[in-house]
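Next come the chains, spelled out residue by residue.
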Amino acid sequence: MPSRRIYTDEERKERRRESSKKYQDENRERLNEQSKKWKRENKEKVRESSKKYKDKNREKIRESKKKYHDENREKIRERHKKWRELNKDKIREKNKKYNSTELGIKSYRISNWKGYGIICEDWDSLYEIYIHTHNCEYCNKSFKSSQDRQLDHDHDITDKPNVRAILCIYCNTIDVLK
């Protein structure tokens, strides 16, 4: 009678892995379909399991994403560029919608101020003061429109807050506070 080979635990595990891999390779489509079907039928379990994993491995996931981003920076940039090219209308519509909101208008105004060289430590409070000021702080005339209201600043100061006053367009143009 031929002697039967006795495998070590490691060899047994390796044989099991190989057998499992071979089975998965041969039945990949069927197994994928079964998996998809189960996930469709058990959405709540999938969601719960996914949430548990994310909570448990938050740092690991963050590091993995950072590593992927660092290694594929150019690839990601190209993918984003391609998406933007294909979705110009969607982006334009979204921006148009945002720019007409209160937050969009505020963001646009503050961005312009920064472009003009205005320096401020608290943009939110400056914007609130600007919006609630209805008269020129020099001549006390009421503003006729939002274009008539101007934020005056000192052009010579470039390293600290340089806002002087909220003026009408006329007082700002003749630079009454200089």
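Before reading on, note that the structure itself is shown above.
Note that the structure is a prediction, hence the values are computed from the model and not measured. (Residues numbered from 1 in each chain as written. Predicted model: local features only at pLDDT ≥ 70, side-chain atom pairs only at ≥ 80, totals over all residues. Heavy atoms only, no water.)

Enquirer: What exactly am I supposed to notice about the overall build of the chain here?
Expert: The helix and strand tally for the chain stands at nine helices and two strands. The secondary structure elements of the chain, listed N-terminal to C-terminal, are α-α-α-α-α-α-α-α-β-β-α. A globule of 178 residues ought to have a C-alpha radius of gyration of about 16 Å, yet the chain, at 32 Å, is considerably larger. Taken along the three principal axes of its C-alpha coordinates, the chain extends 115 × 35 × 30 Å. A buried classification covers 17% of the 178 residues belonging to the chain. For the chain, the proportion of contacts with a sequence separation of at least 24, taken over those separated by at least 6, is 31%. Surface summary for the chain: the accessible area is close to 15,800 Å², and the carbon and sulfur share equals 50%. The averaged location of the 34 negative side-chain charges in the chain is 7 Å from the averaged location of its 50 positive side-chain charges. (Helix = DSSP H or I, 4+ residues; strand = E, 2+ residues; numbered from the N terminus. Rg over C-alpha atoms; globule rule 2.2 N^0.38 Å. Buried < 20%, exposed > 50% of the residue type's maximum accessible area, 1.4 Å probe, protein only. Contact = heavy atoms within 4.5 Å. Areas by Shrake-Rupley, 256 points an atom, 1.4 Å probe, with all protein chains shown as cover. Lys, Arg positive; Asp, Glu negative; His and termini not counted. Charge placed at Lys NZ, Arg CZ, Asp CG, Glu CD.)

Enquirer: Would you mind showing me how to read the nonpolar core here?
Expert: One recurring pattern in soluble globular proteins is that nonpolar side chains are buried together. The biggest cluster of nonpolar side chains holds 16 residues, and the ones touching the most others in it are W113, W123, L126, C136 and L151. Listed by contribution, the elements that provide at least two residues to this core are α7 (102-116), α8 (123-131) and β2 (163-168). Apart from the residues within four sequence positions on either side, W123 is in contact with I110, W113, K114 and I118. (Core = buried A, V, L, I, M, F, W, Y, C linked by side-chain atoms within 4.5 Å.)

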